[in-house]
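# Survey of secondary and tertiary structure
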Amino acid sequence: MLSFSQRFEEIRTGFERPFWVANISELFERLSYYAAFASLARYLHETLNFPVEQAGSLTGLFGGLVWFLAAFGGTLADRLGFRRSLSLAYFILSCSYFILGSLGSSWIAPLRAAVPLVVLVTVVLMLPALGIALVKPCVVGTTARASKENVRSIGYSIYYTLVNIGGAAGPYVASYVHHHLSVENVFRVAALSVFAMFFAVLLFFKEPRRAEEPSVSLGQAVRNFGTVLSNPRFMIFLLIFSGYWIVYWQEFIILPLYVHDYINAKTDTDLMLVTGPLTVISLQMIFSLLSQKMRAFTAITLGTLISALAWILLILHPTVPMAVVTLIVVAIGEITQSPRYYEYVSRLAPLGQQGTYMGFAFLPIGIGSLVGGKFGGMLIRHFGEVTHQPDRIWWAVTGVGVATAALLWIYDKTFKAATAVPAK
């Protein structure tokens, strides 16, 4: 067994400079993304005057589209190279966040007059997805290429940790800027953050060595998509599991609106959303150890059920502290299922197709955000503004989560029975 000093030296020398540049830039990309996401629903509703249902749908679009493009972003990143892709991605992100925060400005008034606001906002919200879909494969790919084999697993742990630190810092930055400047400036600070990463990549990032295997062409990526679609077992699983993300994304889509409109208008809803990422950072290792002997699919189903039932706490006691407790329990559900979900997908993939399947494992996140945006917006309009029974919002959200867990259980039993070997 290596001593601490030997292990430290192994880590110190095991990563090339591109690894650190890419992963630190990812921290700032996540900070910008979650700062924008934390403020978006209220910005659309209160500043741009969208009805709550439309604000929810647009927020879901912002959160969802990137996961559909991620499967193809890796192909483009391989073709352009990681340095070009990262610099292009951060330039796209800085421009799109700046424009998003400037939609109410006087200099953009001629464009607002020429184009319906909902069309303009929809197009602008789609732009960040183009950048993020390039960042993800570049950072993960650089982690693989710029890490020695003996420390590669540590490299992915560093990546995951920095992602969560950025996810926790984003809502905190949004809270500070929102209160000391204005909500529009949240998006401008997000733009500044990724614009700094544009220069960091140009100055400090060197293209890591390429893997020996040939890169996948765009045509092959499309054929890979067909391969996934032709596996009904996998597609059914992805569609069912999308229900988990419909429930999860409500903490960004309608929870800020709900807390502001129906609990306490003075609540710092941006800062409240730091809760989830901090819980993941604090408890991920503990729950990974507790669930390591559990079947992967059991952990997925259990995590889905935990995140679903969490919202009952907010129904029983609709206060800001209980909203924070609810977010903690939702995060516990996330860290129960998330690592085991990717394990299950990797094992479900046919031999030699793990990469393809792992790329499309992100689809439920996108489906959940797009559907969850429309769903959440309808709930808060109907139960909040029409029937004036806002607590029923969370009964509906809980119902979707419990139904998802039940369908996962049925799916598991059905396919276990179908693949069981008959006794002789």
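Residues numbered from 1 in each chain as written. Predicted model: local features only at pLDDT ≥ 70, side-chain atom pairs only at ≥ 80, totals over all residues. Heavy atoms only, no water.

### What about the side chain of serine 175?
- Residue placement: serine 175 occurs in helix H7 (residues 152–180).
- Since its relative accessible area comes to 7%, serine 175 is described here as buried.
- Looking at serine 175, its side chain comes within polar contact range of the side chain of aspartate 268, at 2.3 Å.
- Excluding residues that lie within four positions of it along the chain, serine 175 makes contacts with Asp268, Asp270 and Leu271. (Helix = DSSP H or I, 4+ residues; strand = E, 2+ residues; numbered from the N terminus. Buried < 20%, exposed > 50% of the residue type's maximum accessible area, 1.4 Å probe, protein only. Polar contact = N/O pair within 3.5 Å; in protein donor to acceptor, adjacent residues only side chain to side chain. Contact = heavy atoms within 4.5 Å.)

### Topic: the confidence of the model for the protein
- For the protein, per-residue confidence averages 83 on the pLDDT scale, and residues scoring 70 or more make up 87% of the total.
- Taking the mean pLDDT of every element in the protein, the minimum, 63, falls on helix H18 (residues 354–360) and the maximum, 94, on helix H16 (residues 311–316).
- The model gives residues 420–424 a pLDDT under 50, and that stretch makes zero contacts with residues more than four places away or in other chains. (pLDDT = per-residue confidence, 0-100.)

### Notes on the pattern of salt bridges
- The tally for this structure, following the rule as stated, stands at five salt bridges.
- Of the charged contacts, one joins arginine 42 and glutamate 46 as a salt bridge, the two residues approaching to 2.9 Å between their closest N and O atoms. With a gap of four residues between them, arginine 42 and glutamate 46 both fall in helix H2 (residues 17–47), about one helical turn apart.
- Among the residues examined, glutamate 46 registers a relative accessible area of 36% and is labelled partly exposed.
- A salt bridge links arginine 381 to glutamate 53; the shortest N-O distance between them is 2.7 Å. Taken as a pair, arginine 381 in helix H19 (residues 363–386) and glutamate 53 in helix H3 (residues 52–80) lie far apart in primary sequence, 328 residues in all.
- On the accessibility criterion, glutamate 53 (18% relative accessible area) is buried.
- Ionic contacts of the salt-bridge type, sharing partners, join the residues Glu53, Lys374 and Arg381 into one network. (Salt bridge = Lys/Arg side-chain N within 4 Å of Asp/Glu carboxyl O.)

### Quick look at the packing of aromatic side chains
- Tallied over the entire structure, the rule returns 34 aromatic pairs.
- Ring centres of phenylalanine 195 and phenylalanine 199 lie 5.0 Å apart, and the angle between their planes is 75°; this geometry places the pair in the edge-to-face category. Placement of the pair is phenylalanine 195 and phenylalanine 199 together in helix H8 (residues 183–204), with a separation of four residues, close to one helical turn.
- Look at phenylalanine 199 and you get partly exposed, because its relative accessible area is 41%.
- Pairing tyrosine 258 with tryptophan 394 gives two aromatic rings, centres 5.2 Å apart and planes at 90°, and the pair type is edge-to-face. Of this pair, tyrosine 258 sits in helix H12 (residues 255–262) while tryptophan 394 sits in helix H20 (residues 392–419), and the two are 136 residues apart along the sequence.
- Taking relative accessible area as the criterion, tryptophan 394 reaches 0% and is therefore assigned buried. (Phe/Tyr/Trp six-rings, centres within 6.5 Å; stacked < 30°, edge-to-face > 60°.)

### Description of the layout of surface pockets
- Looking at the second largest pocket, its volume works out to about 180 Å³.
- What lines the second largest pocket is a set of twelve residues, among which Arg233, Arg295, Phe297, Tyr344 and Arg347 lie closest to the centre.
- Counting only elements with at least two residues in the lining of the second largest pocket, the list comes to helix H15 (296–309), helix H17 (320–348) and H20. (1 Å grid on protein atoms, 1.4 Å probe; cavity = no way out; pocket = protein on both sides within 12 Å on 5 of 7 lines; lining within 4 Å. Points joined across faces, edges and corners; volume = space filled by probe spheres on them.)

### A short note on the nonpolar core
- Core analysis: the biggest nonpolar cluster contains 104 residues, and Tyr97, Phe237 and Trp394 have the highest contact counts within it.
- Counting residues per element, this core draws most heavily on H2, which supplies twelve residues.
- Excluding anything up to four places from it in sequence, phenylalanine 237 contacts Phe297, Ile300, Tyr341, Tyr344, Val345, Leu408 and Tyr411.
- Counting residues in each nonpolar core, the second largest holds eight residues, with Leu27, Ala146, Val151 and Leu162 among its members. (Core = buried A, V, L, I, M, F, W, Y, C linked by side-chain atoms within 4.5 Å.)

### Notes on the environment of tyrosine 159
- Within the secondary structure, tyrosine 159 sits in helix H7.
- Judged by its relative accessible area of 14%, tyrosine 159 falls in the buried class.
- Separated by 20 residues in sequence, tyrosine 159 and valine 139 place their C-alpha atoms 8.3 Å apart.
- In contact with tyrosine 159, not counting residues within four places along its chain, are Asn23, Glu26, Lys136, Val139 and Val140.

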